[in-house]
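Fold and geometry: a report
Spelled out, the chains give:
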Amino acid sequence: MVRRIHHVGIAVRRLEEAYGFYRDTLGLPLLREAVVADQGVRAALLGAGESEVELLEPVDPAGGVARFLARRGEGLHHLCLEVAAVDTLVADLRHRGVELIDVVPRVGLAGRIAFLHPRACAGVLVELVTPAGGLTAPPSPLQLKRLVVGAREPHRAAERYRMLFGLSEVAMNGGPRIMLAAGQETLLLVPADEVGGFEGLVALSMVAEDAFAGVVAALDRAGAKFLRGAGEVTVEPASSHGVHLHISRHRFP
Ligand code: CO
């Protein structure tokens, strides 16, 4: 049912400043930018391999993103899953009594979209999209790899994601963490206790492959704060607009 993670949305105070990190330092190509009045944002989509990163700056102080920033500060805001036919799926979810923000899909920056209520998705604000299509994304030095989600009960959350979106487990290991596949990308559900009791989106992982050394050099040049590991770096949220960002050389360990 779900083809892939279409994008991850990041709430930022100022788009221009966020471009300094996501476009200029990480090198993600800007695909498009527009004011989406009914969401109260100026939004930008940047390429990240098969997926995209969406930066959201509030333009309406009463809008959802402005309230999110006031409450939580900058950081991961929502997860968007690409589906073949958003209207059919939303009608089905509505029929099943799933709590929706948009009971009828509308036009967003990425295509025809609808948001589900975080209460329906284990604390994560989930957007569904059927893209307008036609555009081929330019190459990006980084590809989206994984989103980490804190869940009070990861197994129940996984069951929920399976039931709503048809996401299935990558590997059954019987442990407290569960990995779900969404196209090439994955969602890693971890017990909220492991991430300071936090429920919802907690971290973003990207893979750099051949661009790894260049990306690390760019982080250095930009004065970003990050921890170096073997073939991986973890950027501190203070340098990445509130996002716990992990960049690895390889997709698989
Ligand atoms: Co979005």
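Residues numbered from 1 in each chain as written. Predicted model: local features only at pLDDT ≥ 70, side-chain atom pairs only at ≥ 80, totals over all residues. Heavy atoms only, no water.

A few words now on the overall build of the chain. Within the chain one finds five helices and 16 strands. By its C-alpha atoms, the chain is 50 × 45 × 35 Å across when sized along the principal axes. Sorting the 253 residues of the chain into buried and exposed places 52% on the buried side. Once local pairs closer than 6 in sequence are excluded, the contacts in the chain between residues at least 24 apart make up 62%. A total of about 11,500 Å² of accessible surface is found on the chain, and carbon and sulfur atoms cover 52% of it. (Helix = DSSP H or I, 4+ residues; strand = E, 2+ residues; numbered from the N terminus. Buried < 20%, exposed > 50% of the residue type's maximum accessible area, 1.4 Å probe, protein only. Contact = heavy atoms within 4.5 Å. Areas by Shrake-Rupley, 256 points an atom, 1.4 Å probe, with all protein chains shown as cover.)

Each pair of aromatic rings is reported with the distance of its centres and the angle of its planes. For the coordinates displayed, the defined rule picks out two aromatic pairs. For the ring pair Phe21 and Tyr22, a centre distance of 4.9 Å and an interplane angle of 90° mean the geometry is edge-to-face. A residue is classified by how much of its surface remains accessible, and Phe21, at 5% relative accessible area, is buried. Here Tyr22 falls in the buried class, since its relative accessible area comes to 0%. Ring centres of Tyr161 and Phe165 lie 5.9 Å apart, and the angle between their planes is 65°; this geometry places the pair in the edge-to-face category. In this pair, Tyr161 and Phe165 both sit in helix H4 (residues 154–165), four residues apart, roughly one turn of the helix. (Phe/Tyr/Trp six-rings, centres within 6.5 Å; stacked < 30°, edge-to-face > 60°.)

Per the counting criterion, the structure on display carries 15 salt bridges. A salt bridge links Arg162 to Glu159; the shortest N-O distance between them is 2.7 Å. With a gap of three residues between them, Arg162 and Glu159 both fall in helix H4, about one helical turn apart. Owing to a relative accessible area of 45%, Arg162 belongs among the partly exposed residues under this scheme. One salt-bridge network, in which partners are shared between bridges, spans Arg3, Arg4 and Glu82. (Salt bridge = Lys/Arg side-chain N within 4 Å of Asp/Glu carboxyl O.)

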